[in-house]
Amino acid sequence: MANVNGTFGFQLVEDNSQTPLETCFIPSTDATAVFVGDAVKTAGSSGNIVGGPKKKTVAQCAATNPIYGIVQGFMQHWVSSGMDLGRRHRPASTAMYVIVKPANHQDVYRTQSDDVGGTLADADIGLNADFIVGTGDSTTGMSAMQLDTSTKATTATLSLKILGYDERPGNETGVANQDVLVRLNNIELSGGTGTVGL
């Protein structure tokens, strides 16, 4: 059986840290669209939409950036171009508030593996890996970030720690496009260095 090739970024499956969600801000000067399930980093400033609260600015992570958090959604009633309840992502160059789950080593996320560096095997569990970014889906609002299997290694600065497979019907392990479980490893709030993979 083949797995469905459908990316969704990082989907929270175990909220072990119980850390509250945080409202952040992405200014109109940011020309990169952002999607639910994207990893984001702090952008070193704060901002707001007129009438709204000032919040920390964030931006979509590149593959090797330490992660500040994972996007859980967007506030459609606080958007500079007007409310649009049909919009499920943050379009490029649009000032918008974003809801972020702060990164924590305890939380567990589901993500798809890209299999560019070979399909993940049992022996890879415990290793670290980076992710690829891709182009999110503006219809579903879902991220295109995936685990980059070509980067799997013990290196402590890699973004993700591979925990295992998402054992559920419809996700066959050991074949392409399998969904895997990961923890965030390289976290901004932990100094930008994670733990060594095993």
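Above this text is the structure in question.
One structure accompanies this document, and this report is about it. This one's a predicted model, so the numbers in the text were calculated from it and none came from an experiment. (Residues numbered from 1 in each chain as written. Predicted model: local features only at pLDDT ≥ 70, side-chain atom pairs only at ≥ 80, totals over all residues. Heavy atoms only, no water.)

1. With respect to the packing of aromatic side chains
Here's step 1: This model, assessed by the stated rule, comprises two aromatic pairs.
Here's step 2: Plain terms: the ring middles of Phe-10 and Phe-131 are 5.8 Å apart, the flat faces sit at 85 degrees to each other, and that makes the pair edge-to-face. Of this pair, Phe-10 sits in the segment before strand 1 (11-14) while Phe-131 is found in strand 9 (residues 131-132), placing the two residues 121 residues apart along the sequence. There is no split in this pair, since Phe-10 and Phe-131 are both buried.
Here's step 3: For the ring pair Phe-25 and Tyr-97, a centre distance of 5.3 Å and an interplane angle of 55 degrees mean the geometry is tilted. (Phe/Tyr/Trp six-rings, centres within 6.5 Å; stacked < 30°, edge-to-face > 60°. Helix = DSSP H or I, 4+ residues; strand = E, 2+ residues; numbered from the N terminus. Buried < 20%, exposed > 50% of the residue type's maximum accessible area, 1.4 Å probe, protein only.)

2. Focus: the pairing of strand 6 (residues 96-102)
Here's step 1: Counting buried positions along strand 6 gives seven out of seven residues, so the element sits mostly inside the fold.
Here's step 2: Here strand 6 shows no split at all, with Met-96, Val-98, Val-100 and Pro-102 on one side and Tyr-97, Ile-99 and Lys-101 on the other all buried.
Here's step 3: Two elements, strand 2 (residues 22-26) and strand 6, share five bridges in a ladder whose sense is antiparallel. Directly across from Ile-26, in strand 6, lies its bridge partner Met-96. (Pairing = 2+ DSSP bridges.)

3. Some points on the sheet that holds strand 12 (residues 179-184)
Here's step 1: The strand order 1-7-12-11-8 describes an open sheet built from five strands, whose pairing is antiparallel. Each edge of the open sheet carries a strand with a single partner, namely strand 1 and strand 8 (128-129).
Here's step 2: By the bridge criterion, three bridges tie strand 1 to strand 7 (residues 108-112) in an arrangement that is antiparallel. By the bridge assignment, Glu-14 is partnered in strand 7 with Val-108.

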